[in-house]
Every structure is written in structure tokens, then in C-alpha cells.
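What the coordinates show
Next come the chains, spelled out residue by residue.
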Amino acid sequence: MQAFVTAIWRATQWIKMHTPDQNLRTRSSLMSEVPRAGPTFLKITALQKVADFDATIGAADFARGEKVWFREMTGIKPLTIADVVSPTFVEVARKAYPA
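Criteria and thresholds
- Residues numbered from 1 in each chain as written.
- Predicted model: local features only at pLDDT ≥ 70, side-chain atom pairs only at ≥ 80, totals over all residues.
- Heavy atoms only, no water.
- Phe/Tyr/Trp six-rings, centres within 6.5 Å; stacked < 30°, edge-to-face > 60°.
- Buried < 20%, exposed > 50% of the residue type's maximum accessible area, 1.4 Å probe, protein only.
- Lys NZ or Arg CZ within 6 Å of the ring centre and 35° of its normal.
- Axes fitted to C-alpha atoms, helices over the stretch in contact; angles between N-to-C directions.
- Helix = DSSP H or I, 4+ residues; strand = E, 2+ residues; numbered from the N terminus.
- Parallel < 35°, antiparallel > 145°, perpendicular 65-115°, else oblique.
- Left-handed = near helix turned anticlockwise from the far one by under 90°.
- Contact = heavy atoms within 4.5 Å.
- Nonpolar A, V, L, I, M, F, W, Y, C, P; charged D, E, K, R; others polar.
- Salt bridge = Lys/Arg side-chain N within 4 Å of Asp/Glu carboxyl O.

Focus: the packing of aromatic side chains
Applying the stated criterion across every chain yields a total of three aromatic pairs. Judged by centre distance (6.3 Å) and plane angle (55°), the ring pair of Phe62 and Phe70 falls under tilted. For the residue pair Phe62 and Phe70, the accessibility class agrees, reading buried in each case. Between Trp69 and Phe70 the ring centres are 6.1 Å apart and the planes differ by 75°, which places this aromatic pair in the edge-to-face class. Accessibility expressed as a relative area gives 17% for Phe70, which makes it buried. Three or more aromatic residues joined by ring pairs form one cluster here, namely Phe62, Trp69 and Phe70. Directly above the ring of Tyr97 sits Arg10, whose terminal nitrogen or CZ lies 4.1 Å from the centroid.

Description of the packing of helix α1 (residues 2–17) against helix α6 (residues 88–96)
Between α1 and α6, the least distance of the axes is 9 Å, while the angle of their chain directions is 60°. Taken together, the axis directions place α1 and α6 in an arrangement best described as oblique. Here the hand of the crossing between α1 and α6 comes out right-handed. The residues of α6 that touch α1, namely those facing Gln2, Val5, Thr6 and Trp9, are Thr88, Phe89, Val90, Val92, Ala93 and Arg94. For the contact of α1 with α6, the per-class residue count stands at six nonpolar, three polar and one charged.

Focus: unusual backbone geometry
With a phi angle near 65°, Ala55 is a residue other than glycine that sits in the positive phi range. The topology assignment puts Ala55 in the loop between α3 (39–50) and α4 (59–69). By relative accessible area, Ala55 is classed as partly exposed at 35%.

Observations concerning the pattern of salt bridges
Summed over all chains, the structure comprises two salt bridges. Between Asp54 and Arg94 there is a salt bridge whose closest N-O contact spans 2.8 Å. In this pair, Asp54 sits in the loop between α3 and α4 while Arg94 sits in helix α6, placing the two residues 40 residues apart along the sequence. Overall, Asp54 belongs to the partly exposed group, its relative accessible area being 39%. Judged by its relative accessible area of 27%, Arg94 is partly exposed. As a salt-bridge pair, Asp61 and Arg64 come within 2.4 Å of each other at their nearest N and O atoms. Residue Asp61 and its partner Arg64 are located together in helix α4, separated by three residues, close to a single helical turn. When its relative accessible area of 33% is taken as the criterion, Asp61 is described as partly exposed.

What follows is the structure, given as C-alpha cells:
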């Protein structure tokens, strides 16, 4: 789990620190050519504007999510933030790769 969280942390920080054009060029080198005006470029641009690059979830954030996650139709019994969130993994990733 630590390796996964660290990889996500590093990728998120890379996205944060690079322009949408740089992000697109990197993706294009890994995948087939992605047009600059296409939906991928728009997603990268939008992500940089709204993403939470801090990688934390607070009590208020969790409470907003509870309304969606724990609705009757999901069949998921309510959990507390302590049941599902452990800041230790992100803390270790941050120490290894400071933003």
C-alpha cells in the first residue's frame, strides 16, 4: 500500500509542477498521439485547476462524501473517517518526496 500511495503522490506532484503541454507531451510519448485540442488536454487543464495536491481529507470533506457513499441504495454501511483514512501513508510519501 505504501508503494502505491507514494507513486500516486509522486505522479500528482509531477502533474502539479508541469504545464498542460508538458503533461500532454509525456502522455503522448507513452501512448498513441493525443491531439492538443482533444479531451485529454482539457482534462489535464481542468485537473490542475481543481485537484487537491495536498492529498489529505478532512472531517468536513469526509462528511460531504458520506452523503454519496453511504446512501441507502449503495448498500454500504456507514463508516467513520478513522475507519477508512490513514494519513500515515501520505506522510511517509511526503517525507520521501517533498513537494
